[in-house]
Amino acid sequence: AIQQAIIDDVESVRSSASLVVALLYNAVGPRATSDIVTWLLAQLMESDVEEHGHLFLNGLEQLVAKQPGAVLPLVLKQLSKKPEDGWTVTQVRGLSVLSVVPDGHTFHRHLSDTLPIIFAAAAEGDEELQAVALESAGRLVARVEQHGLPLLAEELVKAVKDDESASKRAVGARLMDQFFENTSLDVVPVLQDVLRAILPVALADEDEETMAAGMKALNSIVKKCSKEVLGSYLGDIRSSVLALITDPNTGKIDEGKLLPGLCNHNGLEPLYPIYQQGLMHGSAEARELAAKGMGELVDHTTEAALKPYVVKITGPLLRIVGDRFPGTVKKAIVETLRSLLIRGGVTLKPFLPQLQTTYVKCLSDPTDAVRQKAAESLGILVRIAARTEPLINELAKEVGTNADPAVRLSMSVALGEVLLNVPQPASEAAQDKILEALEPKAMGDDTEANERRANAWPLGITIRRHLSAERAEQVLQSIGDNLSGSDDPCRHGAALSLAAACWVGPQMPLPEQALAASLQALALKALPELLKDSDPDCRTAGVVLAAAVARLRAGTGQPFAKLTDCEADMAAAVAVVPAYVAVRAMRHFAAAAAASGAKVGAKLASAAAARCTQAGVDAQDAERAVAAILNVGRGAGEAQVKAALDKYTGADAKALQDYASKRLGRLALHPADGDFAWDL
């Protein structure tokens, strides 16, 4: 009679039956309860119970509510066992009876006994079982009280971080979404852990369905919390994004990696308001963090996904870039605006006048890094700007007349970037102003070495990209005169200007045949003396020129032998010029040699390798240089690198062997091609 009453479809009957069981428990002991519970559980486990399984579940709930201490252990013991034929719908539903336990502490204590089983069942089951699992877990989640929130968060985080099961991550993400969408609890105490767990799933999960569930959960979290609260977690959010875009082998950001959650699931929508909050209202540190983080989002999404947000992101950045912030903050803002220019493209056209004004103003900023980024950004801007000549004229004027040496340098760098990237050659009137400003600064005897370096690059670009053939030859004649002169500063500037004119790379395709011949003839004539020059700056310029003309000869298909003849002098120069110049120049020289079918000699290779570990040399620059010397491409295994290294033998190769043999795996990570930008 009690069995029939406990599964009656009338709730009052079931309630009365459960009271009778409780009274019998007090009168005759545990068996009164265990017998009826065991019977209910046995019925639930039957294969044909689904039609009327809800009646048994209703009865079980009544018993759990009245006698949780006696009933729960039996329920958990039985329902947590996976049947031989797999989890069943009624079994998973049965676990949700925990939600009717009246005591919150008891309920929360058993979350770790039930939720993992429900997640496991969902991961292994079909669509119906997954839906039931989510429904059952939802019942449990809805029962959670404030003091049990950390326990719930712990289980949700475990599920979405599961490395083995995408289905389990998806269920965890859906449950997280459901919880944050409906809860009235204060979620701040668990927000950090939840954000760290859900961001990788939402932005880059390998399973498309799981990623969509993760993004939905992330949106619910953001909607639940105010921007002010979320702004406190900028560091955690940015760290999570950085972990996704960083190459684990090199520890560097993978510039070409796109985050599918940003590109395909509208991932900017929940994130950009958080960064914007920090950018507009945070401390200086928070503003810097927000600007960097915004730039990283922009860099790792597609133009199509970014398009709806370009105006929303750009406007606030432009509003605050002129404010009085530390240089680190302004640099981060300028970098992000540059990223927007690259990714946003023509979408940013309405902002171009304001951006140009902003960048030009930043060229006078007291912080060098801000000036450098502003100069680079102007080069990106002119690719899509309608009118560029006024900018060229303004920069040329400032190069020639600005009283502040640091600002003049920035104007020179900016002019170089603009002349390199502007689609059309400058007009003859603009060319006059450019040459009038640059030639005295690049090859004058009264300028400092760093100013000659800064002006030689735009002068070389002007020769290559803007002047007519006749006028280019006239400027080369002036360069040749200075190269053969006795004035060290003039010789130094002329060598660097010629190196810039010889350069072949992005935005600098091969010159016309006649100009290429003139450049090579002039360079090959000057190189032997420059590499042995008694003036350190001239000798350094000689190493730079050797790298540049090597690229030009490789590009034009000219024999490399004439440069090979200079290797002894170059090895001597590489051993004494600034280490970072030696290493970078050797990367270009070696890549050009490989493209020409030539091999860098052991003496020169070892001279470069000996500089790789010295102060001022970036470790990645060093590895790239040696990878170029060995001519091994990315993806080559250690065995291939070792085979290339073994071709260098004898005493002359010792420094190369010492350096490369310890880094075989890392050398295989770097491409051997020579398609890289000017960095000398």
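Scroll up a little and you will see the structure.
Residues numbered from 1 in each chain as written. Predicted model: local features only at pLDDT ≥ 70, side-chain atom pairs only at ≥ 80, totals over all residues. Heavy atoms only, no water.

### Concerning the overall build of the chain
Filter applied, for reference: Numbering goes from the N terminus for both helices and strands, where a helix is a DSSP run of H or I of at least four residues and a strand is a run of E of at least two. The buried label applies to any residue whose accessible area, calculated with a 1.4 Å probe on protein chains only, is under 20% of its type's maximum; exposed applies above 50%, and partly exposed to all values in between. Two residues qualify as a contact provided that any one of their heavy atoms is within 4.5 Å of a heavy atom in the partner residue. With residues, only the protein chains shown are counted as cover, and all accessible areas are computed by Shrake-Rupley using a 1.4 Å probe. When charges are counted, neither His nor the chain ends are considered; positive counts come from Lys and Arg and negative counts from Asp and Glu. Note that the charge is assigned to NZ on lysines, CZ on arginines, CG on aspartates and CD on glutamates.
Tallying secondary structure elements over the chain gives 39 helices and zero strands in all. A principal-axis box enclosing the C-alpha atoms of the chain has dimensions of 115 × 60 × 35 Å. Within the chain, the proportion of its 680 residues that are buried is 55%. Intrachain contacts of the chain at a sequence separation of at least 6 include 72% that bridge at least 24 residues. Within the structure as shown, the chain displays about 28500 Å² of accessible surface, and the carbon and sulfur contribution to it stands at 49%. Of the side-chain charges in the chain, 68 are positive and 85 negative, and the distance between the mean point of each set is 4 Å.

### Some details on the side chain of glutamate 567
Condition: By definition, a salt bridge exists where a carboxyl oxygen of Asp or Glu is found within 4 Å of a side-chain nitrogen of Lys or Arg.
Mapped onto the secondary structure, glutamate 567 falls in helix α33 (residues 567-574). Buried and without a salt bridge, glutamate 567 has lysine 599 as its closest oppositely charged side chain, separated by 9.7 Å. For glutamate 567, the residues in contact, after removing those within four places along its chain, are Phe589, Lys599, Val600, Gly601 and Leu604.

### Re helix α27 (residues 449-465)
Here is the rule: By this rule, a helix spans an expected 1.5 Å times one less than how many residues it contains.
Taking 1.5 Å of rise per residue, 17 residues should cover 24 Å, and α27 covers 25 Å from first to last C-alpha, within 8% of that figure. Within α27, 14 of the 17 residues are buried, which leaves it mostly tucked inside the rest of the structure.

### A few points about the packing of aromatic side chains
Stated precisely, the cut-off is as follows: Only the six-membered ring of Trp is used, alongside the rings of Phe and Tyr, when aromatic pairs are assigned; centres must lie within 6.5 Å, and planes under 30 degrees apart are stacked while those over 60 apart are edge-to-face, with the rest tilted. Comment: the charge-over-ring label is applied if NZ (Lys) or CZ (Arg) is within 6 Å of the ring centre and within 35 degrees of the ring normal.
All chains considered together, the criterion is met by three aromatic pairs. Measuring from ring centre to ring centre gives 5.2 Å for phenylalanine 179 and phenylalanine 180, while their planes differ by 85°; the resulting arrangement is edge-to-face. Each member of the pair phenylalanine 179 and phenylalanine 180 is classed as buried. The ring centre of phenylalanine 107 lies 4.9 Å from the NZ or CZ of arginine 143, which sits over that ring. When the ring centre of tryptophan 503 is taken as origin, the NZ or CZ atom of arginine 551, which lies over that ring, is 4.2 Å away.

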